[in-house]
Amino acid sequence: MTQTLTAIAAAGLLAACGSESGSGDGGSDKAGAGKEGSGKGTTGSALTGVRWNVESLTVDGKKQQAPSGAYVKFGGKGGTGGNFGCNGYGAKASVEGDTVHFEPGPHTEMACDALDFEKSLARAMDGRLKAEVDDKSLTLTTAGGDRIALSAESGAPLKGTEWTVTSVGDKGTATSLPKALDDKVKLTFGKDGTVRGNLGCNAVTADADARDGKIALGMPKVTRKMCPGDVMPTERTLLKLFEGKASYTVDHRTLTLTDGKTVVKAQAPA
């Protein structure tokens, strides 16, 4: 990047840079195919609200595959956020015809294995790039001929997705789960108006009425297994959401639930 950048938390960074969230039954992401919905080209609406995964970067004729997790998401009002493959970033982006003008913003500064790729991608995404959208593919080309190849990834629907809980917390702040619970805490909201899952040790089922960005959760039915002591705090916190109403947002493949005190974050499978 061409300016001094401040290391800040990636989650807060992307929220401040136009990350959009949906409160309906599905994710908010949608891909456009260009002008008037067909053929090649680009418009602001074709780019906005879509998570564009970086597939490759070609610099001086040499093509490099992007690390997993590198993406760009154009938000509303010119805000753009994403990830270089390890570090999250924010930027401003304006679209004029088939040209996207990037203005670099802050990014995180974590030590990464793919720093050379990240630096090359950051340099490419600075200034004016020609953009071409073709169905679910996007190509950004610099004035020097370097190319960034991206593909659109659709968001996950609230219902029918097996959500893996990644963090829970009280007092409005979620913290990562203990290692012992990695990939074990699951919630699935069914189209039949129920939620089923696992709290980390015990299974849970309950009624779940989701509408207008709110979920009314009924009395939970929980199995009564003997569980390790480090599991129980997570289970007790999750159960606080039941027998009440929680707000929810789906931002691409991230689900956030909160009743104002308890916060739960979960991820959909890639």
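Everything below is about the structure shown above.
Described below are features of the structure shown in this document. Just so you know, these numbers come straight off a predicted model, no measurement behind them. (Residues numbered from 1 in each chain as written. Predicted model: local features only at pLDDT ≥ 70, side-chain atom pairs only at ≥ 80, totals over all residues. Heavy atoms only, no water.)

If you tally the helices and strands in the protein chain, you get four helices and 19 strands. Among the 270 residues that make up the protein chain, the fraction classed as buried is 45%. Within the protein chain, contacts between residues separated by at least 24 positions form 55% of all contacts whose residues are at least 6 apart in sequence. Accessible surface computed for the protein chain: about 13,600 Å², of which carbon and sulfur atoms make up 50%. (Helix = DSSP H or I, 4+ residues; strand = E, 2+ residues; numbered from the N terminus. Buried < 20%, exposed > 50% of the residue type's maximum accessible area, 1.4 Å probe, protein only. Contact = heavy atoms within 4.5 Å. Areas by Shrake-Rupley, 256 points an atom, 1.4 Å probe, with all protein chains shown as cover.)

Moving on, we come to the state of the cysteines. Inspection of every chain in the model, using the stated rule, returns two disulfides. A sulfur-sulfur separation of 1.9 Å characterises the disulfide bridge that pairs Cys86 with Cys112. Every disulfide takes its handedness from the sign of the S-S torsion; for Cys86 and Cys112 that torsion is -70°, giving left-handed. Separated by 26 residues along the polypeptide, Cys86 in the loop between β4 (79–83) and β5 (88–96) and Cys112 in the loop between β6 (99–107) and α3 (115–124) bring together distant segments of the chain. Residue Cys112 is classed as buried on the basis of its relative accessible area of 14%. Through a disulfide, Cys201 is tied to Cys227; the S-S separation comes to 2.2 Å. (Disulfide = S-S within 2.5 Å.)

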